[in-house]
Amino acid sequence: MLARSVLALVVALIGLNGTESHTFAAEQAALPKEITGKDGAPLVLIPAGSYPMGVPFGDRDGGRDEYPRHVIEIDPFYIDKYEVTNGRYLEFVKATNHRVPQNPKNPTRNLWEGIGIPASLADRPVINVDWADADAYCKWAGRRLPREAEWEKAAKGNNDWRFPWGNVEPTNGHLNFNQKWIGEKTLMPVGSYEKGKSPYGVYDMAGNVWEWVNDWYDAKYYEKSPDKNPPGPDSGEKKVIRGAGWQNETPTVRIFTRVDSDPTMRNESTGFRCAADAK
């Protein structure tokens, strides 16, 4: 009788777990693949699941802070399909009276004309914004900055790839990189590189501009990161930027490149995109 009772309990638990898994799968399937943010920006669904974060096994390069490769699980979330543009940022400035994007060290790298922009800038990614500027915009738009682990999954999916499009070495058909500053045309309109989009259809995850993420920087965080939804360090002095910019060469446009940056830094190669929880 005891054996039968135990067997019945196991069967019941298996049935319950199966029901829960089926329910979760149905809930995720019901999530729209793309939504529109309060600011009009399109967001792409990144489904729940595990993926390998960090430098792939056997890779020929990588910084100390990109190791060890570790598998983590992420809940579903949405991320901006494109980097935030000057046009959208202008609406934010008008609505909130937030400061305009300016380079405090090199005025020749400014692109805005007071509280305004030329039409040719509207679809190019905003630059000269620091972490607080990016955070403020995302909150105004009803979203948040992506966590570093979310950003990397959006860039590579479940693949052990070096680049958002795979392991093919970068070309000018994949991304905007290896450029010199020539003014606004240094930047490309967002979504220009169809060959370079991620497995989920997210554009410019490599090149164009570096992107602020939510996390504080810790060179050894991967050694102690939780296996599910890593939130990043509780505190720190630097913030993380990902994705490389228009001036970077092949070694640094890899998905897993991590750079620590002063959160008050505003320069001509750093912008951002936003994310949102899937509800």
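Residues numbered from 1 in each chain as written. Predicted model: local features only at pLDDT ≥ 70, side-chain atom pairs only at ≥ 80, totals over all residues. Heavy atoms only, no water.

In the nomenclature of an unreviewed UniProt entry, the chain is known as FGE-sulfatase domain-containing protein of Nitrospira defluvii.

A. Broad picture of the nonpolar core. Grouped together as the largest cluster of nonpolar side chains are 35 residues, with contacts concentrated most on Val-84, Tyr-89, Trp-112, Tyr-137, Val-253 and Phe-272. Listed by contribution, the elements that provide at least two residues to this core are helix 2 (86-96), helix 3 (131-140) and strand 6 (210-216). Among the nonpolar cores identified, the runner-up in size contains 20 residues, and Ile-72, Ala-154, Ala-155 and Met-205 belong to it. (Core = buried A, V, L, I, M, F, W, Y, C linked by side-chain atoms within 4.5 Å. Buried < 20%, exposed > 50% of the residue type's maximum accessible area, 1.4 Å probe, protein only. Helix = DSSP H or I, 4+ residues; strand = E, 2+ residues; numbered from the N terminus.)

B. Representation of the state of the cysteines within the structure. Throughout the structure, instances matching the rule amount to 1 disulfide. The disulfide bridge from Cys-138 ends at Cys-274, spanning 2.1 Å between sulfur atoms. Because the torsion about its S-S bond is -90°, the bridge between Cys-138 and Cys-274 counts as left-handed. Of this pair, Cys-138 sits in helix 3 while Cys-274 sits in the loop between strand 9 (270-272) and strand 10 (275-277), and the two are 136 residues apart along the sequence. You'll find Cys-138 and Cys-274 in the same group, each marked buried. (Disulfide = S-S within 2.5 Å.)

C. Expanded view of the sheet that holds strand 2 (residues 42-46). Taken in spatial order, the 4 strands of this open sheet run 1-2-5-10, and their pairing is antiparallel. Here the strands that pair on one side only, and so sit at the sheet edges, are strand 1 (34-36) and strand 10. On average, each strand axis in the sheet is inclined to that of its neighbour by 30°, with strand direction left out of account. In the sheet, strand 1 pairs with strand 2 via 3 bridges, with the strands oriented antiparallel. The residue bridging Glu-34 from the neighbouring strand is Val-44, located in strand 2. On top of the sheet, helix 4 (residues 148-156) reaches strand 2, strand 5 (77-80) and strand 10; it is set at about 75° to strand 5, its chief contact. (Pairing = 2+ DSSP bridges. Axes fitted to C-alpha atoms, helices over the stretch in contact; angles between N-to-C directions. Contact = heavy atoms within 4.5 Å.)

D. Quick look at the pattern of salt bridges. Taken as a whole, this structure holds 22 salt bridges when the rule is applied. Between Asp-80 and Arg-143 there is a salt bridge; the shortest N-O distance is 3.1 Å. Of this pair, Asp-80 sits in strand 5 while Arg-143 sits in the loop between helix 3 and helix 4, placing them 63 residues apart in sequence. Note that Asp-130 and Arg-99 form a salt bridge whose closest N and O atoms lie 2.7 Å from each other. Residue Asp-130 is located in the loop between helix 2 and helix 3, and its partner Arg-99 is located in the loop between helix 2 and helix 3; the two are separated by 31 residues in the primary sequence. On the basis of relative accessibility, which here comes to 37%, the residue Arg-99 falls in the partly exposed class. (Salt bridge = Lys/Arg side-chain N within 4 Å of Asp/Glu carboxyl O.)

E. Up close: the pairing of strand 4 (residues 70-74). Residue alternation in strand 4 divides its side chains into a buried set, His-70, Ile-72 and Ile-74, and an unburied set, Val-71 and Glu-73. Pairing of strand 3 (residues 49-53) with strand 4 involves 5 bridges; the strand directions are antiparallel. Paired with Pro-52 across the strands is Val-71, a residue of strand 4.

F. Inspection of the packing of aromatic side chains at higher detail. This model, assessed by the stated rule, comprises 11 aromatic pairs. The interplanar angle of 75° and the centroid separation of 5.3 Å between the aromatic rings of Phe-92 and Tyr-137 together place this pair among those described as edge-to-face. Of the two residues, Phe-92 is situated in helix 2 and Tyr-137 in helix 3; the sequence distance between them amounts to 45 residues. For the pair Phe-92 and Tyr-137, one class covers both residues: buried. On the basis of an interplanar angle of 55° and a centroid distance of 5.4 Å, the ring pair of Phe-92 and Trp-140 is categorised as tilted. Here Trp-140 lies in helix 3 and Phe-92 lies in helix 2, a separation of 48 residues in the sequence. Under the relative-accessibility criterion, Trp-140 is labelled partly exposed at 21%. A connected cluster of aromatic rings, assembled from ring pairs, spans Tyr-89, Phe-92, Trp-112, Tyr-137, Trp-140 and Phe-272. Lying over the aromatic face of Trp-131, Lys-239 brings its terminal NZ or CZ to 4.1 Å of the ring centre. (Phe/Tyr/Trp six-rings, centres within 6.5 Å; stacked < 30°, edge-to-face > 60°. Lys NZ or Arg CZ within 6 Å of the ring centre and 35° of its normal.)

G. The arrangement of the side chain of Arg-242 in detail. Among the secondary structure elements, Arg-242 is positioned in strand 7 (residues 239-242). Within the structure, the side chain of Arg-242 is placed 2.7 Å from the side chain of Glu-152, a separation counted as a polar contact. Polar contacts involving the side chain of Arg-242 include one to the main-chain carbonyl oxygen of Thr-257, which spans 3.0 Å. Those residues in contact with Arg-242 that lie beyond four places of it in its chain are Met-53, Glu-148, Trp-151, Glu-152, Trp-210, Glu-211, Val-213, Tyr-222, Ile-255, Phe-256, Thr-257 and Arg-258. (Polar contact = N/O pair within 3.5 Å; in protein donor to acceptor, adjacent residues only side chain to side chain.)

H. Representation of the environment of Gly-243 within the structure. Along the polypeptide, Gly-243 turns up in the loop between strand 7 and strand 8 (259-261). For Gly-243, a relative accessible area of 4% corresponds to the buried category. On a C-alpha basis, the gap between Gly-243 and Arg-258 in space is 8.3 Å, while along the polypeptide they are 15 residues apart. With residues near it in sequence (within four places) discarded, Gly-243 still touches Trp-151, Met-205, Ala-206, Gly-207 and Trp-210.

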